[in-house]
Amino acid sequence: MVMNKRIGFIGCGKIAQIRHIPEFAASQRADIAGYFNPTASRAEQMSAKYGGKVYSSVEEMLADPSVDAVVVSLANSAHAPVTIAALKAGKDVLCEKPMATTISECEDMMKAAEESGRLLLIAQNQRLAPAHVKAKELIDGGAIGKVISFRTTFGHSGPENWSIRPGLDTWFFRKDVAAMGVMADLGIHKTDLIQYLLDCNVVGVSAKLSTLDKKGPDGLPIGVDDNALCIYRMGNGAVGTMTASWTYYGREDNSTVVYGSEGMVRIYDSPSSPLQLIRREGTVVDIDTEAIQTNDNQTFSGVADAFLDALYSRVSGVMGAEKVIPAMRAVFAAIESSSSGKWIDIPENA
Ligand SMILES: NC(=O)c1ccc[n+]([C@@H]2O[C@H](COP(=O)([O-])OP(=O)(O)OC[C@H]3O[C@@H](n4cnc5c(N)ncnc54)[C@H](O)[C@@H]3O)[C@@H](O)[C@H]2O)c1
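Rules behind the numbers
- The numbers attached to residues start from 1 for each chain and follow its sequence in the written order.
- In keeping with the predicted nature of the model, local features appear solely for residues at pLDDT of at least 70, side-chain atom pairs appear and are counted solely at 80 or more, and the whole-chain, interface and lining totals rest on all residues.
- Hydrogens and water molecules were not included; the side-chain quantities draw on all heavy atoms of the structure.
- Between N-to-C directions, angles span 0 to 180 degrees; the directions come from axes that are lines fitted to C-alpha atoms, helices contributing only their stretch in contact.
- Each helix corresponds to a stretch of at least 4 residues labelled H or I by DSSP, and each strand to a stretch of at least 2 residues labelled E; elements are numbered beginning at the N terminus.
- Roughly parallel means an angle under 35 degrees; roughly antiparallel, over 145; roughly perpendicular, 65 to 115; everything else is oblique.
- Contact between two residues is taken to exist if any of their heavy atoms lie within 4.5 Å; hydrogens are not considered.
- Working definition of a nonpolar core: buried Ala, Val, Leu, Ile, Met, Phe, Trp, Tyr and Cys residues. They are joined through side-chain atoms within 4.5 Å.
- The cut-offs for exposure are 20% and 50% of the maximum accessible area for each residue type, with area from a 1.4 Å probe on protein chains only; residues under the lower value are buried, those over the upper are exposed, and the others partly exposed.
- Residue ranges for the domains trace back to a domain assignment, done automatically or taken from a database.
- Throughout, the term near means that a residue has one or more heavy atoms lying within 4 Å of the molecule or strand in question.
- Within 3.5 Å is the distance limit for a polar contact, defined as a pair of N or O atoms, with the added protein rule that one can donate a hydrogen and the other accept it, and that residues adjacent in sequence qualify only through two side-chain atoms.
- Here, Shrake-Rupley sampling with a 1.4 Å probe gives the accessible areas, and only protein chains in the shown set may cover a residue.
- Any residue that is not Ala, Val, Leu, Ile, Met, Phe, Trp, Tyr, Cys, Pro, Asp, Glu, Lys or Arg is counted as polar, Gly included; the first ten are nonpolar and the last four charged.

## Notes on the packing of helix α1 (residues 14-25) against helix α9 (residues 303-313)
So, point 1. Where α1 contacts α9, the axes come no closer than 8 Å and their chain directions differ by 60°. Judged on the interaxial angle alone, α9 and α1 are oblique. Facing His20, Glu23 and Phe24 of α1, the residues of α9 in contact are Val303, Ala304, Phe307 and Leu308.

In structure tokens, the structure reads:
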């Protein structure tokens, strides 16, 4: 008989509460070992709702031999230290995006996974969205010919409305805790996505990151970027734009259009269909697939299943950290480009 995997949740904020904990709780292949959260009452609420124990510290959870794997959903600055400690304690790890706050932290996480022989996955859930999977099939199958260009964007009204502790004093706006703003919060999703869709890396970037609108409780601009505009050159020669914003008020935009020599695919871009193929001569094909997840419409993400698949097969799969590191390099290169005003090549991604 195959034993269920026992999962510990480190961080019981919004994404853990609305995505990870319910998706693992619904799985026939997982049991909930328990929870740690810096504010214990949130862990207690989860324990009362889904079962499992409340741990008083990360160390206590990591020392529990009955915990097979952990899900790290803390604020950004905690991703690397907690993930490395978990890997060293022999746990497989699913860590939230952004993977870490510096490239050396990302590399240290990879090294800890290699040395411990444990799995490290990063929750780049956009790779699992049905419209993205289908669009990749179309592009890979040659439906739009040679990819020439793209535009991809992710924007909403900002994390101060989303966080489990909403308000202008949110950690998302604090450089010491978040490290980066919307570029790493939403931009990492679309940077990783375009690499996934085109099956090649960002090899050069010019970017402008700005703090245009968001203000903290003191009325001063927040310490991180709220808008990011990037031009990406890809390994296959395509050039396109990636934009991310916390100031798309009124409606979320999660769209991607990939333009090729024989037509285009429009993902979450047409009001009439989540995925469209438009052929060069103008024929429009609406492709039946699921609408995008939004902050207000959390459909099943598939992240828990993908992690459990990895735990049983011992193959990290589509969200393996080694596949995500090139996108993190692009994020850090975009930040460097914005501060230096220069085009930045990324030779490691070539
Ligand atoms: N994959 C996705 O689509 C997605 C969506 C939302 C959030 N996330 C990521 O998940 C992580 C948690 O975000 P959230 O939306 O649950 O935020 P949240 O504000 O709702 O929860 C924040 C979590 O971090 C903890 N925390 C707060 N301040 C901290 C600090 N100084 N140091 C360490 N931990 C601290 C809180 O206790 C809580 O567990 C973030 O890294 C975020 O980028 C990913």
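The structure having been displayed, the exposition proceeds.
## Considerations on the nonpolar core
Within soluble globular proteins, side chains that are nonpolar generally end up buried alongside one another.
So, point 1. Within the largest apolar cluster, 87 residues are counted, with the highest numbers of intra-cluster contacts made by Met99, Leu120, Leu197, Leu198, Tyr232 and Val258.
So, point 2. Shared between two domains, this core holds at least three residues of each, these being domain 1 (5-125 + 306-311) and domain 2 (126-300 + 320-349).
So, point 3. If sequence neighbours within four positions are ignored, Tyr232 has contacts with Phe150, Met183, Thr191, Ile194, Val202, Gly204, Val205, Ala238, Val239, Gly240, Met242 and Ala330.
So, point 4. Listed in part, the 25 residues of the second largest apolar core include Cys12, Ala43, Ala123 and Leu311.

## Brief notes about the site of the ligand
So, point 1. If you check the shell around the ligand, you find 27 residues, and the closest are Lys14, Asn37, Asn76, Trp162 and Ser163.
So, point 2. In this structure, Lys14 approaches the ligand through a main-chain N or O atom, which is 2.8 Å from an oxygen atom.
So, point 3. Ala123 places a main-chain nitrogen or oxygen 3.4 Å from a nitrogen atom of the ligand.
So, point 4. Contact with the protein chains covers 85% of the free accessible surface of the ligand, which is 840 Å².
So, point 5. Those elements giving two or more residues to the shell around the ligand turn out to be α1 and α8 (182-198).
So, point 6. Of the residues that constitute the shell around the ligand, the class distribution is 13 nonpolar, nine polar and five charged.
So, point 7. Here the shell around the ligand spans two domains, since at least three of its residues come from each of domain 1 (5-125 + 306-311) and domain 2 (126-300 + 320-349).

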